[in-house]
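Descriptive structure summary
As a plain string of letters, each chain reads:
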Amino acid sequence: MNYYMKEIECAPRHEIEALQSFHLSQQIRHAYKNVAPYRDKMNKADVKPEDIKSIADLKKLPFTTKQDLRDNYPYGMFAVPLSEVVRIHASSGTTGKQTVVGHTQRDIDIWAECAARSLVSVGGSREDFVHVSYGYGLFTGGLGMHYGAEKLGAVTIPASAGNSMRQLEMFRDFGSTIVCMTPSYAISLIELMNENGFSKDDFKLKSGVFGAEPWSEEMRREIESGLGIKAYDIFGLSEMMGPSVSCECVYQCGMHICEDHFIPEIIDPDTLQPLPEGTQGELVFSCITKEAMPLIRYRTRDIATLVYDKCECGRTLARMLKPQGRTDDMLIIRGVNVFPSQIEAALLGFDNRATNYLLVVDRVNNSDTLEVQIETPAEIVGSIADLQVYEKKAKSVIDSAIGVGVTIKLKEPKSLDRSTGKAVRVVDNRKIKNKFGS
Ligand code: ADP
Ligand code: ZN
């Protein structure tokens, strides 16, 4: 089987839209008939399945939110009897209570096909050794890429996350050529390589797909030089399936969305109105082929931009540009909106060693404070003068990048936590305080 599916991936826009319109109208009938919460919402909005004939009708449909999934926990959004469900996954619960997702066998097959297509779009083939260092389990990263790599016919190495020295030995001994993991775990492995005398020349790695968390272009450069590979961005969320909703191609200019299965939209998160192509806003997806758990106009809370021009690779599938983060991750510091990814970009632009950092937000005397914790580079640990210069420079670079004053706290080398999955980059003490009523 060829997973460069040109008839879909390179189809003219009107053909993609015709396919989407067909699947959308079918999916809405399926959801209305079988999922009470969708039926209720559509009835309230006075929309009937017959009203949805094409993608132009999409905007008539109510949105779905994570809260809907939580309210119907665990199986209330399923559209098929549980006897048809072959797998359960759950979101990582990064922003609250976990949400549960079910898949039929066909859903799993489509997911695996999307993951195989992603691997092909970054130059993978059945000759590759795909090393999967995303966690296996309810988290979708591990099994998602695993099934894709097998479908492709590659040698699949189900390493899972953790046991990091062993990962490096496996890269070397098993001849891994493509790695799949979170970008922050890649950084942890590069550090370990350098500390233990591994060189990128010990490995046959050529590329990697990195996702599950936001990461900046500066972080991409660090991963590419540290592992000697091309580093590609891959996106997904468990509510939709997991990794491979979209993935970059070798031109690294945004992630091609599997539009034969998902219809993307960008909306203004305040007015909920769709925004024109090229505008940044909240990403909304409708899953149009899912059997077990249809998702209609699901608000991801991810901030991204969609572009539709034909890519140099020949694919016509819409691309989503690097997500900046989620609306939930956005920090409001003294009235200014700040995404952690902006700080990461500024910090790495100033010192490419500063790949481990932590943002601590607090409120002191009724005013927000933002402390950026960075590990002191080993070379300057002994010199107070050098430390002062470093701190001052770091502060000025970040202050001007985000437009709000921060304090820099230089920590002991290696004192911040290392990530094996999704990195925790922010501690917001204001939230903790609110929780306890102070
Ligand atoms: P949770 O929502 O609990 O973290 P998931 O594991 O389903 O659970 O995570 C999906 C989320 O991860 C997405 O909504 C998005 O915020 C983030 N994400 C996934 N891939 C990427 C990526 N390539 N770039 C930025 N963020 C990503
Ligand atoms: Zn492309």
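Structure shown above.
Summary of the structure given here. Keep in mind it's a predicted model, so treat the numbers as computed, not measured. (Residues numbered from 1 in each chain as written. Chains lettered and ligands numbered in written order. Predicted model: local features only at pLDDT ≥ 70, side-chain atom pairs only at ≥ 80, totals over all residues. Heavy atoms only, no water.)

**Observations regarding the overall build of the chain**
Assigned secondary structure in the chain consists of 12 helices and 21 strands. Its C-alpha radius of gyration of 22 Å places the chain within 12% of the 22 Å reference for a compact globule of 438 residues. The principal-axis extent of the C-alpha atoms belonging to the chain is close to 70 × 55 × 40 Å. Burial status across the chain gives 55% buried among its 438 residues. Taking all contacts inside the chain whose residues are at least 6 apart in sequence as the whole, residues at least 24 apart take part in 66%. Total accessible area on the chain is roughly 18600 Å²; 51% of this is exposed by carbon and sulfur atoms. Computed over 52 positive and 58 negative side-chain charges, the separation of the two mean positions in the chain equals 3 Å. (Helix = DSSP H or I, 4+ residues; strand = E, 2+ residues; numbered from the N terminus. Rg over C-alpha atoms; globule rule 2.2 N^0.38 Å. Buried < 20%, exposed > 50% of the residue type's maximum accessible area, 1.4 Å probe, protein only. Contact = heavy atoms within 4.5 Å. Areas by Shrake-Rupley, 256 points an atom, 1.4 Å probe, with all protein chains shown as cover. Lys, Arg positive; Asp, Glu negative; His and termini not counted. Charge placed at Lys NZ, Arg CZ, Asp CG, Glu CD.)

**Re the coordination of the zinc ion (ligand 2)**
Think of it this way: four donors in a tetrahedron around the metal ideally sit 109.5 degrees apart, and six in an octahedron ideally sit 90 or 180 degrees apart. At 2.2 to 2.3 Å from the zinc ion (ligand 2) lie its protein donor atoms, namely C249 (SG), H256 (NE2), C311 (SG) and C313 (SG). For the zinc ion (ligand 2), the four donor atoms are set out with angles of 105 to 115° between them, so the coordination reads as tetrahedral. In terms of primary sequence, the donors binding the zinc ion (ligand 2) are separated according to C-x6-H-x54-C-x1-C. Of this pair, H256 sits in strand 9 (residues 255–257) while C313 sits in the loop between strand 13 (306–307) and strand 14 (319–320); the two residues are 57 residues apart in sequence, bridging distant segments of the chain. For the pair formed by H256 and C313, the shared burial category is buried. (Donors = N, O, S within 2.8 Å, 3.2 Å for Na, K, Ca; no water. Tetrahedral: all angles 85-135°; square planar, octahedral: opposite > 155°, others 65-115°.)

**A closer look at the packing of helix 10 (residues 340–350) against helix 11 (residues 384–402)**
In the contact formed by helix 10 and helix 11, the axes pass within 9 Å of each other and the chain directions differ by 140°. On the basis of their axis angle, the class for helix 10 and helix 11 is oblique. For helix 10 against helix 11, the interelement crossing comes out right-handed. Seen from helix 10, the contacting residues are Q342, I343, A346, L347 and F350; seen from helix 11, they are Y390, K393, A394, V397, I398, A401 and I402. Of the residues in the contact of helix 10 with helix 11, the class split is 10 nonpolar, one polar and one charged. (Axes fitted to C-alpha atoms, helices over the stretch in contact; angles between N-to-C directions. Parallel < 35°, antiparallel > 145°, perpendicular 65-115°, else oblique. Left-handed = near helix turned anticlockwise from the far one by under 90°. Nonpolar A, V, L, I, M, F, W, Y, C, P; charged D, E, K, R; others polar.)

**Some points on the layout of surface pockets**
Here the second largest pocket is characterised by a volume of approximately 590 Å³. If you trace the second largest pocket, you find 24 residues lining it, with E191, N194, N352, R353 and T355 closest to the centre. Secondary structure elements with two or more residues in the lining of the second largest pocket: helix 8 (183–195), helix 9 (217–227) and strand 19 (367–375). Among the elements that make up the lining of the second largest pocket, the one with the highest residue count is helix 8 (five residues). Classifying every residue of the lining of the second largest pocket by side-chain character gives eight nonpolar, seven polar and nine charged. Here the lining of the second largest pocket gathers at least three residues from each of two domains, domain 1 (6–328) and domain 2 (333–427). (1 Å grid on protein atoms, 1.4 Å probe; cavity = no way out; pocket = protein on both sides within 12 Å on 5 of 7 lines; lining within 4 Å. Points joined across faces, edges and corners; volume = space filled by probe spheres on them. Domains from an automatic or database assignment.)

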